[in-house]
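# Descriptive structure summary
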Amino acid sequence: MANFKGHALPGSFFLLFGLWWSVKYPLQYLSQKVNKKSYRTSCFQRVDAIEGGIKIFFSLVGMLAEQFVPDGPHLHLYSGERRDWVKLMNWQHTTMYLFYGLSGVVDVLTYISQAVPRGLDRLMLAVAVFVEGCLFYYHVLHRPMLDQHIHSLLLITIFAGAGSILLEVFLRDNIVLEMFRASITIVQGTWFWQIGVVLFQPWGGPMWDENDHSNIMFLTMCFFWHWAAAVAILAVNYTLTYCCLHRFRRGSGEPYISLGVRQQNCDSSSQAAFLNGSDEE
């Protein structure tokens, strides 16, 4: 949909997933760092399958919205005697949702079947993000300068995300890559909203001058403000997750992360004392 809602809808989807990942992956990392029990691992695998189902649902909602809005193509790719294309922009958005839906299907299959190769879920997600980037790259060709620029900034997060997710195929459960994916997903979500606000002014006000270079300079700077905010969100969520787990384990009497560090320091001190005693003898 070439309007504000058409950008706010995918933006909301990406923002929700990014925020969820900014909590999920620190929780998974910190929990497994202390206690690598198999039931906790299976619990997070079950969460991955639920994520896949939500991804399928969001994709279906997006495809139906793109196709069956009042001015949508209603599943017609071309019409008339001249076979003119019908609402190709909606079709491009539909294609983007389709690949994210396929990614959700692979997520669910990875959980319910041992025959699915390990890492295929990350590979399919990387393909979906790459397809999104290719679609948006050709989405804005020959459009006004401001329109092209604000979408080209979105491509930075898309292709960076595709590359990092592809690395996750080989570096599974890498907290750095997972947190990076969460940050760029948050940026992608907020920037979709920013695009909708700049191009369509949903709450009124004067339209942006598409030929003013100052607007391009500001939006470039604003894009990295979005990224800084995403990094701040990750830092806050990681810290809160650590503090909550720390407090929970202290209350329940379970060991917590800092104990491992203390124990290591204690062992090192004991070993040093033993060696000093051996030297004296």
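Our subject is the structure that appears above.
Residues numbered from 1 in each chain as written. Predicted model: local features only at pLDDT ≥ 70, side-chain atom pairs only at ≥ 80, totals over all residues. Heavy atoms only, no water.

## Side note on the side chain of Arg-122
Tracing the chain through its elements places Arg-122 in helix H4 (residues 120-137). Here Glu-168 takes part through its side chain, which lies 3.1 Å from a polar atom of the side chain of Arg-122. Excluding its chain neighbours within four sequence positions, the residues that come into contact with Arg-122 are Tyr-25, Ile-165, Glu-168, Val-169, Arg-172, Glu-178 and Arg-181. (Helix = DSSP H or I, 4+ residues; strand = E, 2+ residues; numbered from the N terminus. Polar contact = N/O pair within 3.5 Å; in protein donor to acceptor, adjacent residues only side chain to side chain. Contact = heavy atoms within 4.5 Å.)

## So, helix H6 (residues 175-200)
Taking 1.5 Å per residue, 26 residues should reach 38 Å; H6 reaches 38 Å between its end C-alpha atoms and fits that length. With 20 of its 26 residues buried, H6 lies for the most part within the structure. Measuring from the backbone nitrogen of Val-176 back to the side-chain oxygen at the start of H6 gives 3.0 Å, which picks out Asn-174 as the cap. (Expected span 1.5 Å × (residues − 1). Buried < 20%, exposed > 50% of the residue type's maximum accessible area, 1.4 Å probe, protein only.)

## Regarding the packing of H4 against H6
Here H4 crosses H6 at 30°, and the two axes come no closer than 14 Å. H6 is crossed by H4, and the crossing has left-handed handedness. Of H6, the residues touching H4 (which contributes Arg-122, Leu-125, Glu-132 and Phe-136) are Glu-178, Arg-181, Gln-188 and Phe-192. Across the contact of H4 with H6, the residue classes break down as three nonpolar, one polar and four charged. (Axes fitted to C-alpha atoms, helices over the stretch in contact; angles between N-to-C directions. Left-handed = near helix turned anticlockwise from the far one by under 90°. Nonpolar A, V, L, I, M, F, W, Y, C, P; charged D, E, K, R; others polar.)

## Brief notes about the pattern of salt bridges
Where side chains of opposite charge bring their charged atoms close, a pairing between them can arise. Counted according to the given criterion, the structure contains nine salt bridges. A salt bridge links Lys-24 to Asp-48; the shortest N-O distance between them is 2.3 Å. With Lys-24 in helix H1 (residues 4-34) and Asp-48 in helix H2 (residues 38-68), the pair connects residues that are 24 residues apart, well separated along the chain. The partner of Asp-121 in a salt bridge is Arg-122, with the nearest N and O atoms 3.2 Å apart. Take Arg-122: its relative accessible area is 8%, and that puts it in the buried class. Put simply, Asp-121, Arg-122, Glu-168, Arg-172 and Arg-181 are held in one network by salt bridges that share partners. (Salt bridge = Lys/Arg side-chain N within 4 Å of Asp/Glu carboxyl O.)

## A look at the packing of aromatic side chains
Applying the stated rule across the entire model yields 18 aromatic pairs. Judged by centre distance (6.1 Å) and plane angle (45°), the rings of Phe-57 and Phe-58 are tilted. Seen in terms of ring centroids, Phe-130 and Phe-159 are 6.0 Å apart; in terms of plane orientation they differ by 65°. Their pairing is edge-to-face. Placement of Phe-130 in helix H4 and of Phe-159 in helix H5 (residues 145-170) is noted, with a sequence separation of 29 residues between them. Taking the relative accessible area as the measure of exposure, Phe-159 reaches 33% and is therefore partly exposed. An aromatic cluster of at least three residues, connected via ring pairs, comprises Phe-13, Phe-17, Trp-21, Tyr-25, Phe-57, Phe-58 and Tyr-97. For Arg-181, the ring lying beneath its charged end belongs to Trp-21, and the centroid distance is 4.5 Å. (Phe/Tyr/Trp six-rings, centres within 6.5 Å; stacked < 30°, edge-to-face > 60°. Lys NZ or Arg CZ within 6 Å of the ring centre and 35° of its normal.)

## Considerations on the environment of Ile-195
Within the fold, Ile-195 resides in helix H6. The buried category is assigned to Ile-195, whose relative accessible area is 0%. Sequence separation of Ile-195 and Phe-4 is 191 residues, and the distance between their C-alpha atoms is 8.2 Å. Setting aside chain neighbours within four positions, we find Ile-195 in contact with His-7, Ile-150, His-151 and Leu-154.

## With respect to H4
The end-to-end C-alpha distance of H4 is 26 Å, a good match for the 26 Å that 18 residues give at a rise of 1.5 Å each. Turning to H4, its buried residues are Asp-121, Arg-122, Met-124, Leu-125, Ala-126, Ala-128, Val-129, Val-131, Glu-132, Gly-133, Leu-135 and Phe-136.

## Thoughts on the nonpolar core
Core analysis: the biggest nonpolar cluster contains 43 residues, and Tyr-100, Val-129 and Trp-191 have the highest contact counts within it. If you list the elements that add at least two residues to this core, you get H1, H2, helix H3 (88-112), H4, H5, H6 and helix H7 (213-252). Per-element accounting of this core gives the leading share, eleven residues, to H6. Other than its neighbours up to four places away in sequence, Tyr-100 contacts Phe-14, Lys-55, Ser-59, Leu-125, Ala-128, Val-129, Glu-132 and Gln-188. (Core = buried A, V, L, I, M, F, W, Y, C linked by side-chain atoms within 4.5 Å.)

## Some remarks on unusual backbone geometry
Phi angles above zero are rare outside glycine, and His-74 is one such case at about 55°. Tracing the backbone shows His-74 in the loop between H2 and strand E1 (78-79). One non-glycine residue with positive phi stands out, namely Leu-75, at about 70°.

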